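Remarks on the overall topology
Okay, here's what each chain looks like letter by letter:
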Amino acid sequence: MALNYIWIALFVLGFLVGVIKLIMGDAEALPKMMDSTFEMSKEGFEMCLGLTGTLALWMGILKIGERSGLINKLASFLSPVLTRLFPDVPKGHPALGSVFMNISANMLGLDNAATPIGLKAMKELQSINPQKDTASNPMIMFLTLNTSGVTIIPVSIMAYRAKAGAVDPTDVFIPLLLTSLCSTLVGLIVCSIYQRINLFNRYIMLMFGVIAALVGALFYAIMGMDTDQMQHFCRSLTSIMILGAILLFILSGVWKRLNVYDAFIEGAKEGFQVAVSLIPYVVAILVAVGVFRASGGLVMLQEYTARAVEAMGLDSDWVGALPVALMKPLSGPGARGMMLQNFDQFGVDSFVGHLSSILQGCTDTTFYILAVYFGSVGIKKYRYSVKCGLTADFTGVIAAVFISYFFFR
């Protein structure tokens, strides 16, 4: 519902600004808005088409992991943590495996490739929900982890940056990891307070310790490096992790004597379907955003915000990426559209281009997940879901700005 109002508002406000400009003598205002509708429609289609290969690849790899049982084994390995974060889910319940698979897809930065798995997890969580129209505690925890989803390998972000001509598409790897860790940690703490989950449990603290050690090791490794060395290190580390994950999933299928190729093809088909299903949503939001931007309304919003920030004596360069932050809780495709617009306007390797990439990948779409995931199982009462999700989103935005200044200025 919220996205519906935003979509209408972008058209209406854009039209009003265009009419005002026309009255003031700008005869090209409305024609520019009309042209943008066709341009954005084409760009939306081409964007989804370009992403099809990445989605097909990773959906195929995940299908191998699902068929070989590797996903379930990893979920069993992490069950001491998962059962404490989801205490209302019986130990060994299939929901835990689906939750892990969804979180794993989000960790790989696969965006909407995680949606089919997330819907499956939500359906299994609903099967043990005592109040079918009300979000249960495990559902809300699942939503919070999705919204604040920590990104270890930002595959789709790197794919978009590569397509936009970035000198090094992987240079956002570590900044994205740190930013998403901040949003995930805050979201987890807020949700745990509501659910009275003791995060000081030894297994959860061990998980935090391992994560902190890995992040510390990353920082130690990059300290003292110049920009070129840091970019080379991030690119090499990302390549090792991605290729290692692919090899691990394939070997797990070989070990189980699966027809690995057929399993990959089945998953890849699902990836293709996901990419195609995105086209209407991407086109819809890009056209609305295009109209608003062509009218000059978005520029006015950014200018007023920049003036307010500068009046407080602060640097306002980050304001150029503000539309991505505003759109992200509402629509992933919409935020991607804003990110791509910033790539064109400011440059993919500019400060705003880097910040836009991090904002796009550091959190997920709260209202989209609410609508799609909860709607798929008939949940009408969200309880404190929105509070937890938006708190994680806000934390991610603040962290993204500060971390981007540290790495790219």
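A brief report on the enclosed structure follows.

Cut-offs used in this document
Residues numbered from 1 in each chain as written. Predicted model: local features only at pLDDT ≥ 70, side-chain atom pairs only at ≥ 80, totals over all residues. Heavy atoms only, no water. Helix = DSSP H or I, 4+ residues; strand = E, 2+ residues; numbered from the N terminus. Buried < 20%, exposed > 50% of the residue type's maximum accessible area, 1.4 Å probe, protein only. Contact = heavy atoms within 4.5 Å. Areas by Shrake-Rupley, 256 points an atom, 1.4 Å probe, with all protein chains shown as cover. Phe/Tyr/Trp six-rings, centres within 6.5 Å; stacked < 30°, edge-to-face > 60°. Core = buried A, V, L, I, M, F, W, Y, C linked by side-chain atoms within 4.5 Å. Axes fitted to C-alpha atoms, helices over the stretch in contact; angles between N-to-C directions. Left-handed = near helix turned anticlockwise from the far one by under 90°. Nonpolar A, V, L, I, M, F, W, Y, C, P; charged D, E, K, R; others polar. Parallel < 35°, antiparallel > 145°, perpendicular 65-115°, else oblique. Salt bridge = Lys/Arg side-chain N within 4 Å of Asp/Glu carboxyl O. Expected span 1.5 Å × (residues − 1). Patch = residues over 30% accessible without salt bridge, like charges linked within 9 Å, V, L, I, M, F, W, Y side chains within 5 Å.

1. Section: the overall build of the protein chain
Along the backbone of the protein chain there are 18 helices and zero strands. Counting only residues that meet the buried cut, the protein chain has 53% of its 409 residues in that class. Within the protein chain, contacts between residues separated by at least 24 positions form 80% of all contacts whose residues are at least 6 apart in sequence. Element-wise, carbon and sulfur atoms account for 68% of the exposed surface of the protein chain, whose accessible area totals about 18,800 Å².

2. Some remarks on the packing of aromatic side chains
Under the defined criterion, the tally for this structure stands at four aromatic pairs. Between Tyr194 and Tyr384, the aromatic rings sit 4.4 Å apart at their centres with planes inclined by 5 degrees, giving stacked as the arrangement. Remark: Tyr384 occurs in the loop between helix 17 (366-376) and helix 18 (385-408) and Tyr194 occurs in helix 9 (residues 173-195); sequence separation between them is 190 residues. Residue classification places Tyr384 among the buried residues on the basis of a relative accessible area of 8%. Put simply, the rings of Phe406, Phe407 and Phe408 touch in pairs and so form one group of aromatic residues.

3. What to know about the nonpolar core
Leu85, Phe86, Met122, Met139, Met141, Phe142 and Phe374 are the most contacted members of the largest nonpolar core, which totals 48 residues. Discounting chain neighbours no more than four positions away, the residues touching Met141 are Leu85, Phe86, Leu188, Cys191, Ser192, Gln195 and Ile197. Of all hydrophobic cores here, the second largest spans 39 residues; its members include Ala325, Cys362, Ala399 and Phe408.

4. So, the packing of helix 16 (residues 351-362) against helix 18
One way to put it is that helix 16 packs onto helix 18 with a least axis distance of 9 Å and a crossing angle of 145 degrees. Relative to helix 18, helix 16 is oriented so that their crossing is right-handed. Residues Phe351, His354, Leu355, Ile358, Leu359 and Cys362 of helix 16 pack against Gly396, Val397, Ala400, Val401, Ser404, Tyr405 and Phe408 of helix 18. Its residues assigned to classes, the contact of helix 16 with helix 18 comprises 10 nonpolar, three polar and no charged.

5. Some details on the packing of helix 7 (residues 137-147) against helix 9
Close contact between helix 7 and helix 9 brings their axes to 9 Å; oriented N to C, the two are set at 165 degrees. Taken together, the axes of helix 7 and helix 9 lie roughly antiparallel to each other. Two packed elements cross with a definite hand, and for helix 7 against helix 9 that hand is right-handed. Residues Asn137, Ile140, Met141, Thr144 and Leu145 of helix 7 pack against Thr184, Gly187, Leu188, Cys191, Ser192 and Gln195 of helix 9. Of the residues assigned to the contact of helix 7 with helix 9, the class counts are five nonpolar, six polar and no charged.

6. Quick notes on the environment of Thr184
By the element assignment, Thr184 lies in helix 9. In the structure, Thr184 is positioned 208 residues away from Ala392 in sequence and 6.5 Å away in space, judged by C-alpha atoms.

7. Concerning the pattern of salt bridges
This structure, assessed with the given rule, holds two salt bridges. Put simply, Glu266 and Arg67 hold a salt bridge, and the shortest N to O gap is 2.2 Å. Taken together, the residues Glu266 in helix 12 (residues 260-295) and Arg67 in helix 2 (residues 29-68) connect sequence positions 199 residues apart. When its relative accessible area of 32% is taken as the criterion, Glu266 is described as partly exposed. Salt-bridge contacts for Asp349 lead to Arg161; the nearest nitrogen and oxygen are separated by 3.2 Å. One end of the pair, Asp349, is in the loop between helix 15 (332-346) and helix 16; the other, Arg161, is in helix 8 (residues 155-163), with 188 residues separating them in the sequence. The exposure class assigned to Asp349 is partly exposed, which follows from its relative accessible area of 32%.

8. Brief notes about helix 9
Between its terminal C-alpha atoms helix 9 stretches 32 Å, which fits the 33 Å expected from 23 residues at 1.5 Å a residue. Among the 23 residues of helix 9, 17 are classified as buried, and the element is accordingly described as predominantly covered. Positive phi shows up at Arg196, right after helix 9, with a value of about 55 degrees.

9. Observations regarding a nonpolar patch on the surface
Taken together, the side chains of Trp7, Ile8, Val12, Leu13, Phe15 and Leu16 present a nonpolar region at the surface, about 540 Å² in accessible area. Residue placement: Trp7 occurs in helix 1 (residues 2-23).

10. Topic: the side chain of Ser252
Checked against the element boundaries, Ser252 lands in helix 11 (residues 227-255). On the basis of relative accessible area, Ser252 is assigned to the buried category, the value being 13%. Contact partners of Ser252, with chain neighbours within four places excluded, come to Ser68 and Leu70.

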